[in-house]
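Summary of the model geometry
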Amino acid sequence: QQQVKQSPQSLIVQKGGISIINCAYENTAFDYFPWYQQFPGKGPALLIAIRPDVSEKKEGRFTISFNKSAKQFSLHIMDSQPGDSATYFCAGGSYNNNDMRFGAGTRLTVKP
Amino acid sequence: DGGITQSPKYLFRKEGQNVTLSCEQNLNHDAMYWYRQDPGQGLRLIYYSQIVNDFQKGDIAEGYSVSREKKESFPLTVTSAQKNPTAFYLCASSIVGGPYGYTFGSGTRLTVV
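For the structure given in this document, a descriptive report is provided here. Given the structure is predicted, the values throughout are model-derived calculations rather than measurements. (Residues numbered from 1 in each chain as written. Chains lettered and ligands numbered in written order. Predicted model: local features only at pLDDT ≥ 70, side-chain atom pairs only at ≥ 80, totals over all residues. Heavy atoms only, no water.)

Overview of the pattern of salt bridges
Basically, it comes down to this: What counts as a salt bridge is simple: a side-chain nitrogen of Lys or Arg found within 4 Å of a carboxyl oxygen of Asp or Glu. Helix and strand labels come from DSSP, where a helix needs a run of H or I of at least four residues and a strand needs a run of E of at least two; each type is numbered from the N terminus. Throughout this description, buried means an accessible area under 20% of the type-specific maximum (1.4 Å probe, protein chains only), exposed means over 50%, and partly exposed covers the range between.
Under the criterion given, the structure shown has 6 salt bridges over all chains. Put simply, Arg101 of chain A and Asp59 of chain B hold a salt bridge, and the shortest N to O gap is 2.3 Å. Separated into two different chains, Arg101 of chain A in strand β10 (residues 101-102) and Asp59 of chain B in the loop between β6 (54-57) and β7 (64-66) make up a pair that spans both. Judged by its relative accessible area of 44%, Asp59 of chain B is partly exposed. Here the salt bridges share partners, and the residues they tie into one network are Arg36, Asp38 and Arg44 of chain B.

Let's talk about the sheet that holds strand β1 (residues 4-7) of chain B
All names here are of chain B. What counts is decided by this rule: Here, strands pair whenever DSSP counts at least two bridges between them. The convention used is that axes are lines fitted to C-alpha atoms, helices contributing only their stretch in contact, and that angles between N-to-C directions extend from 0 to 180 degrees.
Pairing within the open sheet is antiparallel, and its 4 strands lie in the order β1-β3-β8-β7. Since the sheet does not close on itself, it has two edges, and those belong to β1 and β7, each with one partner. Going across the sheet, the axis of each strand differs from the next one's by a mean of 20°, ignoring polarity. Relative to strand β8 (residues 76-78), strand β3 (residues 19-25) runs antiparallel, the two being bridged by 3 bridges. Looking across to β8, one finds that Leu21 is bridged to Leu76.

Examining the interface of chain B and chain A
Worth spelling out the cut-off: Working rule for contacts: check all heavy atoms of both residues, and any pair within 4.5 Å makes them a contact. Here the quantity called buried area is the accessible surface, traced with a 1.4 Å probe, that two parts lose on coming together, added over both. Each polar contact in these results corresponds to two N or O atoms within 3.5 Å; when the atoms are within protein, one needs to be able to donate a hydrogen and the other to accept it, and residues that are neighboring in sequence are counted only if both atoms are side-chain atoms. Residues are sorted three ways: Asp, Glu, Lys and Arg are charged, Ala, Val, Leu, Ile, Met, Phe, Trp, Tyr, Cys and Pro are nonpolar, and all the rest, Gly among them, are polar.
Residue-level contacts link 25 residues of chain B with 21 residues of chain A. Each partner contributes to the roughly 1800 Å² buried at the junction of chain B and chain A, and carbon and sulfur atoms together form 50% of this total. At the boundary of chain B and chain A, one finds 1 salt bridge. For the interface between chain B and chain A, the tally reads 8 residue pairs in polar contact (both at pLDDT 80 or more). Looking at the side of chain B that touches chain A, the elements with two or more residues in it are β4 (31-38), β5 (42-51) and β9 (87-94) of chain B. The residue inventory of the side of chain B that touches chain A, partitioned by class, reads 12 nonpolar, 11 polar and 2 charged.

So, the environment of Gly93 of chain A
Residue and element names in this part refer to chain A. Within the secondary structure layout, Gly93 lies in the loop between β9 (86-92) and β10. A residue is classified by how much of its surface remains accessible, and Gly93, at 1% relative accessible area, is buried. Setting aside chain neighbours within four positions, we find Gly93 in contact with Phe30, Asp31, Tyr32, Asp99 and Met100.

Considering the state of the cysteines
Defined as follows: Any pair of cysteine sulfurs within 2.5 Å is marked as a disulfide.
Counted according to the given criterion, the structure contains 2 disulfides over all chains. Between the sulfur atoms of Cys23 of chain A and its disulfide partner Cys90 of chain A the distance amounts to 1.8 Å. In this structure, the disulfide formed by Cys23 of chain A and Cys90 of chain A twists by about -95° around the S-S bond and is classed as left-handed. Placement of Cys23 of chain A in strand β3 (residues 19-25) and of Cys90 of chain A in strand β9 is noted, with a sequence separation of 67 residues between them. Both residues of the pair, Cys23 of chain A and Cys90 of chain A, count as buried. Here Cys23 of chain B pairs with Cys91 of chain B through a disulfide, and the sulfurs are 1.9 Å apart.

From the geometry alone we can't say anything about function, so treat these as descriptive.
Here's what the structure looks like:
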């Protein structure tokens, strides 16, 4: 069962633009929502994460927006750069960390 | 430097063979995980372990086996029963009981020849 649904599957953005990736989750027991960034041939790396008691978290050019009532969250990449071109995964999990569920991934391409 | 080491980076398997993928971590993490990554399907959990000598099946455990004899090591064996093993395999580790996310290795790409 896919507990975390991610869209779009792929995204092309011009340099300097805003990249937006959306996720929706089903399991209300989730209390931890990370985003991972993966470059080709590498493992995913934790980018930014949010708890459901806040509606937004910002780290540099990366912002997570969280809507608990809608069970949705999104990643915004401001001033997108070609170096941001990668696959991004959202996930939902619990403090126990033993059952993290990942979205299907979004391949982002930032054109120079 | 602390981290997770997966080896080999590339692995080729003949039909009917068992192969073992190595995963070692020096982060002192209690929990370790194996994921399979296929294009367009994200990350699917194969097995996970939260303590030495104990492990649990994930969503796609059929055709795979694991062991956890040491805290630092969590090898994955892809058996001949796994009919479609060609994929990118990722090992991860984490602290149990905290919102710290996973640390992933660099992966092993397995190809059936």
